[in-house]
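# Descriptive analysis of the structure
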Amino acid sequence: MSSPDRSWPLWEVFTQGKDGEPHQHAGSVHATDAEHALQNARDTYARRNEGVSLWVVPSAAITASTPEDMGPFFDPANDKAYRHPQFYKVPKGVKVF
Amino acid sequence: MMQAPAVAEDPQRLEEFVARIARDESIEPKDWMPERYRKQLIRMMAQHAHSEVVGMLPEGNWITRAPSLRRKMILLAKVQDEGGHGLYIYCGAETLGVDRHDLVQELLDGKAKYSSIFNYPTLTWADMGAIGWLVDGAAIVNQTMLAKASYGPYARAMVRICKEENFHKRQGYEIMATLARGTRAQRAMAQESLNRWWWPSLMMFGPHDKDSPNSEELTRWGIKRKSNDELRQRFVNLTIAQVKAIGLTVPDADLTYDEASGDWKTGPIDWDEFWRVVKGNGPCNKERLAARQKAHDDGAWVREAALVYADKQAGRSTEAA
């Protein structure tokens, strides 16, 4: 059943550099299960204290937007300049707002 | 030298892609890309990853004979880093739709290339110094350029690698500097090692631009940003000062300083030797592949056991549910 040459599944690795920072994508590792993936992620992406916390996620479990979506998918954000503070003029007399 | 694409690309998509490269945009895995771009990247990244992995062998040779515990710990950490570098780049290559397993198989079958520098033997402890200083030093010059490559996953792997290579270069230079100020025999050992590694290190940048079959295309795709000769010159200029600082000399009677350009001009490189080693007839080509094959075979039971264990655990959790 198990051939030694069967590829181990792929996992995406996210590292949190310091306490309080967000987890960021670091790369991927091959591993047979979640615990194995965490150990491989530590050896591959955290040999120099690059992480105080690691997440591993099966690559197949990630759903991503596609490049073709870029226009229409993000459209709703394009025409709402009033969501940004620069949209509003502050009267001249106000120095600190 | 342009090779005809295997498939005809949609001219409009190709034009948009070329425009993205011209705007220095980062190309990401799911983006449309021409087949030639994908093929060249897979070839180059696989070759790069293989170089990291095979690069563990010449240094691994000295771990058990390191002259002190400090040096042994450093060398172990460096060799482990090289394995890690291989993994970063294989994982980057996999984003292009290939499987690491297949890439490794191509290496073992002798179908894929790796950097020729690793086909030279490590005869003395000073070679650990020369490799860290010169080979990793040359790699840093090349990889600093590749950190700006147009393919995002490759560029990001290079940023990570460059940070780590600096430790590799420092520890190597420290070994050489220590030997160079040691006894007469130690000093001779350092010089002899530099003599052997100098020219192969210059060859690491590849043939002259006019003789480099892939350079034009890699440059056009924004993967390479500088030519082989430019990178080689940068390495020579950086290294000569370091050679002088520890009182050694490079084995090149024709070396001259060119005031006008500020460049150190080397004598001619023996390209016959370069091609001989690339084509498989270097001092250690067969030994390196045999060692890699043995490590792969010796690890087969571990890979199999891990899979069987995972299957068993998965079975158990379904039963429990």
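Residues numbered from 1 in each chain as written. Chains lettered and ligands numbered in written order. Predicted model: local features only at pLDDT ≥ 70, side-chain atom pairs only at ≥ 80, totals over all residues. Heavy atoms only, no water.

### Remarks on the overall build of chain A
The helix and strand inventory of chain A stands at 2 helices and 3 strands. Reading chain A from its N end, one meets helices and strands in the order β-β-α-β-α. For chain A, the C-alpha radius of gyration of 22 Å lies well beyond 13 Å, the compact-globule estimate for 97 residues. Along the three orthogonal principal directions, the C-alpha set of chain A runs to about 75 × 35 × 15 Å. Counting the 97 residues in chain A, one finds 27% classified as buried. Counting contacts in chain A only where the partners sit at least 6 residues apart, residues at least 24 apart contribute 41% of the total. If you sum the accessible surface of chain A, you get close to 7100 Å²; carbon and sulfur atoms cover 58% of it. (Helix = DSSP H or I, 4+ residues; strand = E, 2+ residues; numbered from the N terminus. Rg over C-alpha atoms; globule rule 2.2 N^0.38 Å. Buried < 20%, exposed > 50% of the residue type's maximum accessible area, 1.4 Å probe, protein only. Contact = heavy atoms within 4.5 Å. Areas by Shrake-Rupley, 256 points an atom, 1.4 Å probe, with all protein chains shown as cover.)

### Some points on helix H10 (residues 228-245) of chain B
Residues and elements named next belong to chain B. Given a rise of 1.5 Å per residue, 18 residues ought to cover 26 Å, and the 26 Å separating the end C-alpha atoms of H10 matches this to within 8%. By the burial criterion, the buried members of H10 are Asn 228, Leu 231, Arg 232, Gln 233, Phe 235, Val 236, Thr 239, Ile 240, Gln 242 and Val 243. Contacts from the buried residues of H10 go to helix H6 (126-146), helix H7 (152-180), helix H8 (184-203), helix H9 (215-220), strand S2 (263-265) and helix H11 (271-281). Count one or two residues on from H10 and you reach Gly 247, which has phi positive near 75°. (Expected span 1.5 Å × (residues − 1).)

### Examining the confidence of the model for chain B
Residues and elements named next belong to chain B. For chain B, mean pLDDT is 94; residues scoring 70 or higher make up 96% of the total. Per-element confidence in chain B is highest for H8, whose mean pLDDT is 98, and lowest for helix H13 (residues 300-320), whose mean pLDDT is 85. For this predicted complex, the interface score ipTM comes out at 0.86, while the overall pTM is 0.91. (pLDDT = per-residue confidence, 0-100.)

### Focus on the packing of helix H4 (residues 69-94) of chain B against H7 of chain B
Residues and elements named next belong to chain B. H7 packs onto H4 with a crossing angle of 160° between their chain directions and a minimal axis gap of 10 Å. The angle between H4 and H7 falls in the class roughly antiparallel. In this structure, H4 crosses over H7, and the sense of that crossing is left-handed. Residues belonging to the contact of H4 with H7 are distributed by class as follows: 11 nonpolar, 5 polar and 9 charged. (Axes fitted to C-alpha atoms, helices over the stretch in contact; angles between N-to-C directions. Parallel < 35°, antiparallel > 145°, perpendicular 65-115°, else oblique. Left-handed = near helix turned anticlockwise from the far one by under 90°. Nonpolar A, V, L, I, M, F, W, Y, C, P; charged D, E, K, R; others polar.)

### Some thoughts on the sheet that holds strand S1 (residues 10-16) of chain A
Residues and elements named next belong to chain A. Reading across the sheet, the 3 strands line up as S2-S1-S3 and stay open at both edges, with antiparallel pairing between neighbours. Only two strands of the sheet have a single partner each, and these edge strands are strand S2 (23-30) and strand S3 (53-58). Geometrically, the sheet is characterised by an average inter-axis angle of 30° between neighbouring strands, direction not taken into account. Where S1 meets S2, 7 bridges bridge the pair, whose relative direction is antiparallel. The partner of Gln 16 across the bridge, within S2, is His 23. (Pairing = 2+ DSSP bridges.)

### A closer look at the interface of chain B and chain A
The interface of chain B with chain A comprises 27 residues on the first partner and 26 residues on the second. Carbon and sulfur atoms supply 48% of the area buried between chain B and chain A, which totals about 2200 Å² over both sides. The largest contributions to the chain B side of the interface with chain A come from Lys 30, Arg 160 and Leu 307 of chain B, which together make up 26% of the buried area. Our count for the contact surface shared by chain B and chain A stands at 4 salt bridges. Across the pair Glu 164 of chain B and Arg 48 of chain A runs a salt bridge, and its minimum N-O distance is 3.3 Å. Linking chain B with chain A are 9 residue pairs in polar contact (both at pLDDT 80 or more). With 9 residues, H13 of chain B is the largest single contributor of residues to the side of chain B that touches chain A. (Buried area = accessible area lost by both parts, 1.4 Å probe. Salt bridge = Lys/Arg side-chain N within 4 Å of Asp/Glu carboxyl O. Polar contact = N/O pair within 3.5 Å; in protein donor to acceptor, adjacent residues only side chain to side chain.)

### Concerning the pairing of S1 of chain A
Residue and element names in this part refer to chain A. Most of S1 is tucked away, with 6 of its 7 residues classed as buried. Counted along the chain from S1 to the antiparallel partner S2, the turn is 6 residues long, and its residue Gly 20 has a positive phi close to 95°. Relative to S3, S1 runs antiparallel, the two being bridged by 6 bridges. Following the sheet pairing, Gln 16 is matched in S3 by Ser 53.

### Points about the nonpolar core
All names here are of chain B. Tyr 37, Tyr 151, Tyr 154 and Met 176 are the most contacted members of the largest nonpolar core, which totals 88 residues. Ranked by the residues each element gives to this core, the list is headed by H6, at 11 residues. Not counting residues up to four positions away in its chain, the partners in contact with Met 176 are Ala 126, Gly 129, Ala 130, Trp 133, Ala 190, Ser 193, Leu 194, Ile 246 and Leu 248. (Core = buried A, V, L, I, M, F, W, Y, C linked by side-chain atoms within 4.5 Å.)

### Overview of the packing of aromatic side chains
Within the structure shown, the criterion is met by 18 aromatic pairs over all chains. When the ring of Phe 14 of chain A is compared with that of Trp 55 of chain A, the centres are 6.4 Å apart and the planes differ by 55°; the resulting orientation is tilted. Of this pair, Phe 14 of chain A sits in strand S1 while Trp 55 of chain A sits in strand S3, and the two are 41 residues apart along the sequence. Take Trp 55 of chain A: its relative accessible area is 47%, and that puts it in the partly exposed class. An angle of 85° between the planes, with centres 5.9 Å apart, marks the rings of Tyr 37 of chain B and Trp 221 of chain B as edge-to-face. Here Trp 221 of chain B lies in the loop between H9 and H10 and Tyr 37 of chain B lies in helix H2 (residues 35-54), a separation of 184 residues in the sequence. Classification of Tyr 37 of chain B by relative accessible area gives buried; the value is 0%. Through a chain of ring-to-ring contacts, the aromatic side chains of Phe 17, Trp 32, Tyr 37, Tyr 151 and Trp 221 of chain B assemble into a single cluster. (Phe/Tyr/Trp six-rings, centres within 6.5 Å; stacked < 30°, edge-to-face > 60°.)

### Observations regarding the environment of Leu 41 of chain B
Residue and element names in this part refer to chain B. Among the secondary structure elements, Leu 41 is positioned in helix H2. Since its relative accessible area comes to 0%, Leu 41 is described here as buried. For the pair Leu 41 and Leu 96, spaced 55 residues apart in sequence, the C-alpha separation works out to 8.3 Å. The contact partners of Leu 41, leaving out residues within four places of it in the chain, are Ala 46, Leu 96, Tyr 151, Tyr 154 and Ile 223.

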